[in-house]
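Coordinates in review
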Amino acid sequence: MKMQSVFKTKPRRSGVAAMILSGAMATMLMPANAESIKLGYSAPFLTDPFQAIMANQTLKAVKDAGMEAMPATNANGDAGKQATDIRNLISAGAKVLIVNPTDSQAIVPVLEFAASKNVPTVLIDIAPAKGKSAMIVRADNKGIGAKACEALGAAIGGKGKVLSLMGDQATTNGRDRTTGFNECMKAKYPDVTIIEQPTYWKTDKATSAAQTVVTTTPDLTAIYMQSDSVMLAGVLNVLKSAGKLTKVGEPNHIFLATVDGTPYALEKIREDLLDVAVAQPLDLYAKYGAFYAKAAAEGKTFAAGPTDHNSEIVPVGDNLMDYLPATVVTKANASDPSLWGNQTEK
């Protein structure tokens, strides 16, 4: 990273993203040197590969940045437990937090509590409904939904029935991936019928919903999965059991589009069993989550504008959000070593 293009002593009027020292905030936080910064990481759950890998990569990035990484906490899908986890991390001496919220609304009072204790918070992957954080690091999930729509809609010729397995609508990612997909479909492929099924990011619910729709919809054309980490294996098993699992390009193939880009998803793309995945920048969530956390703990604040890492910091409510790019993956680029799913063990 070219640090000179990010750190600034005062705001700039140009569009370049700047990190600025705020005298009031620096005094309030009383920043210590990097070696003494104790960081707490709060995960929403660790039951799927995406979350587990992100936790491991983030804690490694924290250590690489010279901070002390406390053991990750696991809310196990319980927003109340996540609130308790974060309070416990602060009580145990965390000077800064990286949080992936279980629930975008429920995390709001937790952010307020952390702020009352002068503990800055960086959110990764999922944004809060409101509340103040030092930075939010995530991909444009509406854009992710739109990218999945464009690939799927074009492949099926703008006609047919599509099963949409939705993520948890209590999270910004679930809502955004649904909205982005639906708005794109309405605008570009109005003749497509969308069959929506909630899953709450639960494998069993996704598999059950797929089982019901696949067996009752003989003319199903495609399936959109908002998380291949949670949904893909179950969907493939359902299709196989129903005698409807065919390879890409074969007759009667049901087009499959997913989000995340896990190692398993990339493997299935290479095997011609998955058509397309929109890969989240998990490795960048970890890298820049740690980067912003360290800077915030040192009393620095941030400004909107383009960054030096191919993204844009944008104002969202009272917060700033670093929108990181997501990649559409097909068989043509499924072995690209820059994809996070190719950087980890399966």
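Residues numbered from 1 in each chain as written. Predicted model: local features only at pLDDT ≥ 70, side-chain atom pairs only at ≥ 80, totals over all residues. Heavy atoms only, no water.

As recorded in an unreviewed UniProt entry, the protein goes by the name ABC transporter substrate-binding protein, listed as coming from Mesorhizobium helmanticense. Check the Sequence similarities (unreviewed entry) section of the UniProt entry for the protein; it says "Belongs to the bacterial solute-binding protein 2 family." Under the heading Subcellular location (unreviewed entry), UniProt records this for the protein: "Cell envelope". (UniProt positions renumbered as here; feature names shortened; annotations may be inferred.)

Because each turn of an α-helix spans 3.6 residues, side chains separated by three or four positions in sequence point in the same direction. Along its 15 residues, helix α5 (residues 141-155) runs 21 Å from first to last C-alpha, staying within 8% of the 21 Å computed at 1.5 Å per residue. Burial in α5 covers these residues: Asn141, Ile144, Gly145, Ala146, Ala148, Cys149, Leu152 and Gly153. A distance of 3.3 Å separates the backbone nitrogen of lysine 142 from a side-chain oxygen at the start of α5, and that oxygen is part of aspartate 140. Just beyond α5, the residue with positive phi is glycine 157, at close to 70 degrees. (Helix = DSSP H or I, 4+ residues; strand = E, 2+ residues; numbered from the N terminus. Expected span 1.5 Å × (residues − 1). Buried < 20%, exposed > 50% of the residue type's maximum accessible area, 1.4 Å probe, protein only. Polar contact = N/O pair within 3.5 Å; in protein donor to acceptor, adjacent residues only side chain to side chain.)

Pairing is mixed in the open sheet, where six strands are placed in the order β10-β9-β11-β12-β13-β18. The open sheet has two free edges, formed respectively by β10 (192-198) and β18 (327-329), since each of these has just one partner strand. Each neighbouring strand pair of the sheet contributes to a mean axis angle of 15 degrees, computed without reference to strand direction. One ladder, built from seven bridges, connects strand β9 (residues 160-166) with β10; its direction is parallel. Residue pairing in the sheet places lysine 161 in a bridge with threonine 193 of β10. (Pairing = 2+ DSSP bridges. Axes fitted to C-alpha atoms, helices over the stretch in contact; angles between N-to-C directions.)

With that settled, the discussion passes to the confidence of the model for the protein. Within the protein, residue pLDDT values average 90, and 89% of them lie at 70 or more. Residue range residues 1-32 is modelled with pLDDT below 50. Its contacts to residues more than four positions away, or to other chains, number 65 contacts. (pLDDT = per-residue confidence, 0-100. Contact = heavy atoms within 4.5 Å.)

In this model, helix α8 (residues 228-241) (14 residues) spans 19 Å end to end at C-alpha, consistent with the 20 Å of a helix rising 1.5 Å per residue. Counted residue by residue, α8 has ten buried out of 14 residues, so it is predominantly covered. Within α8, burial applies to Asp228, Ser229, Val230, Met231, Leu232, Gly234, Val235, Leu236, Val238 and Leu239. Positive backbone phi, approximately 70 degrees, marks glycine 243, located one or two places after α8.

Working definition: an aromatic ring pair is given by the centre-to-centre distance plus the angle between the planes. Applying the stated criterion to the full structure yields five aromatic pairs. For the ring pair tyrosine 288 and phenylalanine 291, a centre distance of 6.2 Å and an interplane angle of 85 degrees mean the geometry is edge-to-face. Of the two residues, tyrosine 288 and phenylalanine 291 are both situated in helix α10 (residues 282-297); the distance of three residues between them amounts to about one turn of the helix. For the residue pair tyrosine 288 and phenylalanine 291, the accessibility class agrees, reading buried in each case. Following the ring pairs from residue to residue traces out a cluster consisting of Tyr288, Phe291, Tyr292 and Phe302. Positioned above the aromatic ring of phenylalanine 113, the side-chain terminus of arginine 87 is 3.9 Å from the ring centre. (Phe/Tyr/Trp six-rings, centres within 6.5 Å; stacked < 30°, edge-to-face > 60°. Lys NZ or Arg CZ within 6 Å of the ring centre and 35° of its normal.)

Another aspect to go through is the nonpolar core. Residues Leu39, Tyr41, Val137, Leu152, Phe181 and Tyr292 are the most contacted members of the largest nonpolar core, which totals 56 residues. With ten residues, the single largest contributor to this core is α10. Of the domains in this structure, domain 1 (38-133 + 282-324) and domain 2 (141-279) are the two that each give at least three residues to this core. In this structure, Trp201, Met231, Val235 and Val238 belong to the second largest nonpolar core, which totals 30 residues. (Core = buried A, V, L, I, M, F, W, Y, C linked by side-chain atoms within 4.5 Å. Domains from an automatic or database assignment.)

Moving on, we get to the state of the cysteines. In total, this model carries one disulfide according to the counting rule given. Linked covalently through their sulfurs, cysteine 149 and cysteine 184 form a disulfide whose S-S length is 2.1 Å. Disulfide cysteine 149-cysteine 184: the torsion about the S-S bond is -75 degrees, which places it as left-handed. Here the residue cysteine 149 occupies a position in helix α5, and cysteine 184 occupies one in helix α6 (residues 172-188), the gap between them amounting to 35 residues. (Disulfide = S-S within 2.5 Å.)

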